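Structural overview for review
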Amino acid sequence: QPVDADSETPAAPRQVVEPEFDISQFAEYRRLKATMQQMAMTGVPNPYFTVHEQVVNDRTRIDGRELISFASYNYLGMSGHPAVTAAAAEAVKKYGTSVSASRLVSGEKPIHGQLEQLIADWVGVDASITMVGGHATNETTIGHLVGHGDLIIHDALAHNSIVQGALLSGAKRRPFPHNDYETLDRVLSDCRSQYRRVLIVIEGVYSMDGDFADVPEFVKVKKRHQAMLMVDEAHSFGTMGETGHGIAEHFAMDARDVDIWMGTLSKSAASCGGYIAGSKELIELLRYTAPGFVFSVGMPPAQVAAAIASLQTLDAEPERVQKLRENSELFLSLCQDRGLDTGDSGQTPVVPVITGNSMVALRLSHRLKADGINVQPILYPAVDESAARLRFFITCEHSEDQIRFTVDRTAHHLAELGFQTASVAG
Ligand code: PMP
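Residues numbered from 1 in each chain as written. Predicted model: local features only at pLDDT ≥ 70, side-chain atom pairs only at ≥ 80, totals over all residues.

A short note on the site of the ligand
In the vicinity of the ligand there are 13 residues, among which Gly134, His159, Ala234, Thr264 and Ser266 approach most closely. Of the residues forming the shell around the ligand, the biggest block, three residues, is contributed by helix H5 (residues 134-145). Within the shell around the ligand, the residues separate by chemical class into one nonpolar, 10 polar and two charged. (Near = placed C-beta within 6 Å. Helix = DSSP H or I, 4+ residues; strand = E, 2+ residues; numbered from the N terminus. Nonpolar A, V, L, I, M, F, W, Y, C, P; charged D, E, K, R; others polar.)

Side note on the pairing of strand S7 (residues 228-232)
For S7, the buried fraction is high: four of the five residues fall into the buried class. With five bridges connecting them, strand S6 (residues 198-203) and S7 associate as parallel partners. Across the sheet, Glu203 pairs through a bridge with Asp232, a residue of S7. A crossover connection joins S6 to the parallel S7 through helix H8 (residues 215-224); in handedness this β-α-β unit is right-handed. Where S7 meets strand S8 (residues 260-264), three bridges bridge the pair, whose relative direction is parallel. From the neighbouring strand, Val231 faces S8, where its bridge partner is Trp261. (Buried ≥ 20, exposed ≤ 12 C-beta atoms within 10 Å, placed from the backbone. Pairing = 2+ DSSP bridges. Right-handed = clockwise from strand over helix to strand, strands pointing away.)

Re the sheet that holds strand S2 (residues 65-69)
Strand order across the open sheet formed by three strands is S1-S2-S11, with mixed pairing between neighbours. Each edge of the sheet is formed by a strand with only one pairing partner; in this case those strands are strand S1 (59-62) and strand S11 (373-374). By the bridge criterion, four bridges tie S1 to S2 in an arrangement that is antiparallel. When the sheet's bridge partners are listed, Arg61 is paired in S2 with Glu66.

Structural notes on H5
If you check H5, its first and last C-alpha atoms are 17 Å apart, about what 12 residues at 1.5 Å a residue would give, namely 16 Å. Burial analysis of H5 places 10 of its 12 residues in the buried class, the great majority of the element. All of the buried residues in H5 are Gly134, His135, Thr137, Asn138, Glu139, Thr140, Thr141, Ile142, Gly143 and Leu145. (Expected span 1.5 Å × (residues − 1).)

Describing helix H4 (residues 110-123)
Along an α-helix, a turn takes 3.6 residues, which lines up residues three or four apart on a common side. Taking 1.5 Å of rise per residue, the 14 residues of H4 would be expected to cover 20 Å, and the 21 Å separating its terminal C-alpha atoms lies within 8% of that figure. Buried residues of H4: Ile111, Leu115, Glu116, Ile119, Ala120, Trp122 and Val123, and no others. Against helix H2 (82-95), strand S3 (127-131), helix H9 (247-250), S8, strand S9 (274-278) and helix H12 (301-316) lie the buried residues of H4. (Contact = placed C-beta atoms within 7 Å.)

Remarks on the environment of Cys191
Secondary-structure assignment places Cys191 in helix H7 (residues 181-191). A C-alpha to C-alpha distance of 36 Å links Cys191 and Gly356, two positions 165 residues apart in sequence.

Re unusual backbone geometry
The omega angle of the peptide bond from Tyr380 to Pro381 is 10°, so this bond is cis rather than trans. Here Pro381 shows up in the loop between strand S12 (376-378) and strand S13 (389-393). With a phi angle near 60°, Ser100 is a residue other than glycine that sits in the positive phi range. Within the secondary structure, Ser100 is located in the loop between H2 and helix H3 (103-107). You can call Ser100 partly exposed: it has 13 C-beta atoms within 10 Å. At Gln347, a residue that is not glycine, the phi angle is positive and equals roughly 60°. With respect to the element layout, Gln347 can be found in the loop between helix H13 (319-337) and strand S10 (350-354).

Let's talk about the confidence of the model for the protein
A residue-level look at the protein finds 95% of positions with pLDDT of 70 or above and a mean pLDDT of 94. Counted against residues more than four places away or in other chains, residues 1-5, with its pLDDT under 50, gives seven contacts. Low confidence marks residues 421-426, where pLDDT is under 50. Its contacts with residues over four positions away, or in another chain, come to two contacts. For this predicted complex, the interface confidence comes out at an ipTM of 0.99, alongside a pTM of 0.94. (pLDDT = per-residue confidence, 0-100.)

A short note on the packing of H4 against H12
Here H4 crosses H12 at 35°, and the two axes come no closer than 10 Å. Between H4 and H12 lies a crossing of left-handed hand. Contact residues: H4 offers Ile111, His112, Gln114, Leu115, Leu118 and Trp122, while H12 offers Pro301, Val304, Ala305, Ala307, Ile308 and Leu311. Looking at the contact of H4 with H12 residue by residue, the classes come out as 10 nonpolar, two polar and no charged. (Axes fitted to C-alpha atoms, helices over the stretch in contact; angles between N-to-C directions. Left-handed = near helix turned anticlockwise from the far one by under 90°.)

The structure is reproduced here in structure tokens:
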């Protein structure tokens, strides 16, 4: 194969040369425009980039109108909580709005270490490290810890940041069927010996389906095959377990049985950024060598302080986690009573209502908005057409009335739309 003399990078196979740098002629841009045109033809306004004019908790404000909200990850009401807002403001006064450098050089503040110890204690492991984005944390950590000659085997529904990290790493990437640790076990029995390292990646709670992994079973598989196990707790940190400490607490398992815990601070912790938690050695290695940490700025003071205050507030107000659980159970059981398809959702604050048709999902969300309810449709190609849905994120701040009203209106419109779709199709 021809090799570029300067970089030693193999030249790409011969391609049709694009005549000029014109984004509007890119095939991917034309595909995007075609999808948007299709959406516009339904007559339903574009559901993306809706502007929210206030903190989003159980309610939001759109175009000056207050709506019940089921579309944000503010599961525990920490964003907008006075203690969290005050802590962020205080940190800005003390440390400014940026740490202005990588922490490795001059960006380290006392609150960075404080947050990292708090996270490690929350998760139940020795140490943790925080980075500026949740997506970036997965990308750089996965991209860095494995490489050529290794295997990354992840749940088929893994988040994009996990897949991107796997692509970056250069390791062989293989998905296994959703939550299916038995198939994973069989696959590893067949192929483990071909690889130096194997990294299994799963999530605590899956944000499309609202179901969760049987982590102790995955621990058995990883031990049997001498693999590493990484669990992304973006949606389980703060929401699962008696006191919200996550999926390890839910299963009453030893958190040290998982090699790499990952989570985001943008959801239950009302901040922004990601963390990796695990052994002292893992965190030391990342602190000195992970590109997305070493060559990137440290988390800004306001975000660090907000995350600390959120975790402290949640420990002081455990009833929030309890209320979140009650609200989620109520929402799910009401949906089930009305015969709505909620897939495998259960015991988590994410409840999908599967419409099986993107247009029905789009129209349903539009009708609910007219009723004063904001919920995001998930359309093809984000999911298969048959899996198109509305996705409800429950918060501890929703009232029983809001939940009953929402399920009632959803069932009502879905019955009408289902009838229309069936008659059009017929
Ligand atoms: N992992 C999972 C499972 C997620 O759902 C998300 C985002 N929703 C991320 C990682 C990325 O986190 P962030 O949005 O905080 O960058």
